[in-house]
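Residue strings, one per chain:
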Amino acid sequence: MPDTRTLIENRPPSVATIFLERVAATPDAEAYRYPVSAASGEGRDEWKSLSWARAAERVYAIAAGLIELGIRPEERVALASSTRIEWILADLAIMCAGAATTTVYPQTNADESAYILSDSGSRVLVAEDAQQLAKAVEKRAELPDLTHVVVIDPSATPTDEEWVLSLADLEARGRARLEKDPGVVKERVSSIARDQLATLIYTSGTTGRPKGVRLPHDNWSYMARATAATGLLRATDVEYMWLPLSHVFGKAMTSTHIEVGHVVAVDGRADRITANLPVVRPTFMAAVPRVFERVYNGVAAKARASGAAKYKIFLRAARVARAYARTRQDNFRRTGTASVPFALAAQHKAADALVFARIREAFGGRLRVCVSGSASLAPDIGYFFSGAGIHVLEGYGLTESSAAAFVNPDGAYRTGTVGKPLPGTEVRIADDGEILLRGPGVMQGYHRLPEKTAEVLEPDGWFHTGDIGELSGDGYLRITDRKKDLIKTSGGKYIAPAEIEGRFKAVCPYVSNILVHGADRNFCTALIALDEAAITAWAAENGMAGRPYGDIVAAPATVEMADGYVRQLNEGLQRWQTIKKFRLLPRDLDVDHGEITPSLKLKRPVVELEYQHLIDEMYQGTREA
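Residues numbered from 1 in each chain as written. Predicted model: local features only at pLDDT ≥ 70, side-chain atom pairs only at ≥ 80, totals over all residues. Heavy atoms only, no water.

**Q** Help me understand the sheet that holds strand S20 (residues 463-471) in this model?
**A** Sheet strands pair via backbone hydrogen bonds, and the direction of the pair is either parallel or antiparallel. Taken in spatial order, the 4 strands make up an open sheet running S17-S18-S20-S21, and their pairing is antiparallel. With one partner strand each, in any of the chains shown, strand S17 (426-429) and strand S21 (477-482) form the two edges of the open sheet. Pairwise comparison of adjacent strand axes, ignoring direction, gives a mean angle of 45° for this sheet. Pairing of S17 with strand S18 (residues 434-438), which is carried by 4 bridges, proceeds in the antiparallel orientation. Residue pairing in the sheet places Arg428 in a bridge with Leu436 of S18. (Pairing = 2+ DSSP bridges. Helix = DSSP H or I, 4+ residues; strand = E, 2+ residues; numbered from the N terminus. Axes fitted to C-alpha atoms, helices over the stretch in contact; angles between N-to-C directions.)

Structure representation (structure tokens):
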């Protein structure tokens, strides 16, 4: 068996090649599961399966259809769709045709969608439904390169527009092409060069237009081999895939899936996660921190709603979970044995029976491990899930590094860190604490923006991440904050807002989003958005049943409740870190208002600009030092 280094260094030139190898190796094995709504539109979804061979038939047909439309190597084909089986098949087909995928979040408005399609020079758009098609129709005059739109939903395909066809029509054209030229797709795959463009992913900029990140085929081939080499995923796993595939995190996971060959259940409907988990019963899941925060807050709110006695049991169990997880991890780090004292083990066993077993069952009862990425997970929430038997391994990467650059090793993970570098990735910490990366996962550059590329990518390959971090002696990385997000108070103290925000999310079960402010001020303040479902349930118990969200957050009782959690947060902070004042926002932050990215990252400048009047109000009448 070749060693890890040999496997990575001798990787194929593209994921398209790995896909062909996977199909040849395990043609009859199950590759994908996907939901199909009941014919009546009511009741539970029916889950269907695709074998690798059947998936390949559809991929080849779509790829040949694109070739029939005139798509040449490296030409861009845009994908504007939520996460679904057709997204994966279309993306694989684009790669197998030698073309490059331009990813477009389905939430993106018409103006920004048109900018991405125009800047990328996309020739074809694969649109999910009538809503995505309408954006292209509205902006067609601004898109001279766009020759066709392929619509996944057959009911959304107009019959009087020659430039619009359904995905089924494209596949039919592809099958006809394959009958005449059966080797056309495999010929395209065999001619793919490592440095040939595979994907253009546009980052969600906090200001100005998004930048297109150029990721060649070799990036994804490396990502597939290197992630598989960590052993996080096994051929026997069932993975639940709901991540947005327009985001680099989801794209990296689909590449790894092809290398490992396990089963992936695909459904991007966020409102179906709770219902799907007991049906899919995954053994592996990748998620963003907000999912774990919502689960934790939901469990806490449900316990509180069940009465004082059950809430007290939950709080005690949460303390036990954190102590248990910390003790196991600390002992493993020191001695190599994840042992705990007898008394703590006994407390954990009791808490497991009362609380933790139900949490695991809510995840389907078979979850072996989760990977959390895209943003920082509050350590207290990570320790809670670890102690409850849901092993959440944090990882780290950026769009510019093809997602994963670091991940915690299963069995030796350390909550509060993002683990160790993937095999083949180099890291160093600059004098100012910035994390620099170099390796096969780093981008070629920003599309048509050489000046922006030069700002972050050195000639010798070192990429400036913009994040601040610390490396332990044995190679574990801890992210401190975004370099540009660090707060320096007027008193000269540096504060990492993400650390404070993460602590508050672990303390307050009703928070959805929080932004700590204090740059060039003499104290810190916070803007707090409450989770609508959680706070509505709390309001019903506190004499405000039926009142709208805006009225609830404005109520003195709600402000008093939030103040109690802020005071609890402050007890564990240094004096200069404490939150002196806060304001509850009249609504939650969301993607539609541009306050968070589709991958659920907070856009600080946008939120601060929108709520500048509240920030000014908190500092009004204070003397700045």
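**Q** I would appreciate a short explanation of empty space enclosed by the protein in the present structure.
**A** In this approach, a probe sized like a water molecule rolls over the atoms, and the result shows the empty space that is left. Taken as a whole and assessed by the stated rule, the structure comprises 5 cavities of 30 Å³ or more. Taken as a whole, the largest cavity spans an internal volume of roughly 60 Å³. Lining the largest cavity, in full, are Ala80, Val104, Ser113, Leu117, Leu125, Gln132, Lys135 and Ala136. Those elements that provide at least two residues to the lining of the largest cavity are helix H5 (110-120) and helix H6 (130-138). The element that contributes the greatest number of residues to the lining of the largest cavity is H6, accounting for 3 residues. By residue class, the composition of the lining of the largest cavity is 5 nonpolar, 2 polar and 1 charged. (1 Å grid on protein atoms, 1.4 Å probe; cavity = no way out; pocket = protein on both sides within 12 Å on 5 of 7 lines; lining within 4 Å. Points joined across faces, edges and corners; volume = space filled by probe spheres on them. Nonpolar A, V, L, I, M, F, W, Y, C, P; charged D, E, K, R; others polar.)

**Q** Mind showing me how you'd approach the nonpolar core here?
**A** Inside soluble globular proteins, nonpolar side chains tend to come together where they are buried. Ranked by size, the top nonpolar core spans 167 residues in total, and within it Phe19, Tyr32, Phe385, Tyr510 and Ile528 carry the most contacts. Not counting residues up to four positions away in its chain, the partners in contact with Tyr32 are Lys48, Ser49, Leu50, Trp52, Ala55, Ile85, Ile88, Leu92, His257, Val264 and Val266. Among the nonpolar cores identified, the runner-up in size contains 21 residues, and Ala78, Val104, Ile116 and Leu125 belong to it. (Core = buried A, V, L, I, M, F, W, Y, C linked by side-chain atoms within 4.5 Å. Buried < 20%, exposed > 50% of the residue type's maximum accessible area, 1.4 Å probe, protein only. Contact = heavy atoms within 4.5 Å.)

**Q** I tried to follow the packing of aromatic side chains on my own but got confused; where do I start?
**A** Note on aromatic pairs: each is described by the distance of the centres and the angle between the planes. The full count for this structure, using the stated rule, is 13 aromatic pairs. On the numbers, 6.2 Å between centres and 65° between planes, the contact of Tyr510 with Tyr565 is edge-to-face. Taken together, the residues Tyr510 in the loop between helix H17 (497-507) and strand S24 (511-517) and Tyr565 in helix H20 (residues 556-570) connect sequence positions 55 residues apart. You can call Tyr510 buried: its relative accessible area is 2%. Look at Tyr565 and you get buried, because its relative accessible area is 9%. One aromatic cluster in this structure is built from Phe292, Tyr296, Tyr311, Phe314, Phe363, Phe384 and Phe385. Just above the ring of Tyr446 sits the side chain of Lys211; from NZ or CZ to the centre is 5.1 Å. Note that Arg521 overlies the ring of Tyr619, its terminal NZ or CZ placed 4.1 Å from the centroid. (Phe/Tyr/Trp six-rings, centres within 6.5 Å; stacked < 30°, edge-to-face > 60°. Lys NZ or Arg CZ within 6 Å of the ring centre and 35° of its normal.)

**Q** Looking at this model, I keep getting lost on unusual backbone geometry. Mind explaining?
**A** Excluding glycine, residues mostly have negative phi values, and the peptide bonds linking residues are mostly trans. The backbone of Arg281 sits at a positive phi, close to 50°, despite the residue not being glycine. The topology assignment puts Arg281 in the loop between helix H11 (273-280) and strand S12 (284-287). Of note in this structure, Ser402 is not a glycine but carries a positive phi near 60°. Position of Ser402 among the secondary structure elements: in the loop between strand S14 (392-396) and strand S15 (406-407).

**Q** Would you take a moment to explain the packing of helix H13 (residues 308-335) against helix H15 (residues 379-387) for this structure?
**A** For any two helices packed against each other, the geometry comes down to the angle between their axes and how far apart the axes lie. For the pair H13 and H15, the least separation of the axes is 7 Å and the interaxial angle reads 90°. Between H13 and H15, the angle is such that the two are roughly perpendicular. Side by side, H13 and H15 meet where Phe314, Ala318, Ala321, Arg322, Tyr324, Ala325, Arg326 and Gln329 of the first sit next to Asp380, Tyr383, Phe384, Ser386 and Gly387 of the second. Each residue belonging to the contact of H13 with H15 can be placed in one class, and the counts come to 7 nonpolar, 3 polar and 3 charged. (Parallel < 35°, antiparallel > 145°, perpendicular 65-115°, else oblique.)

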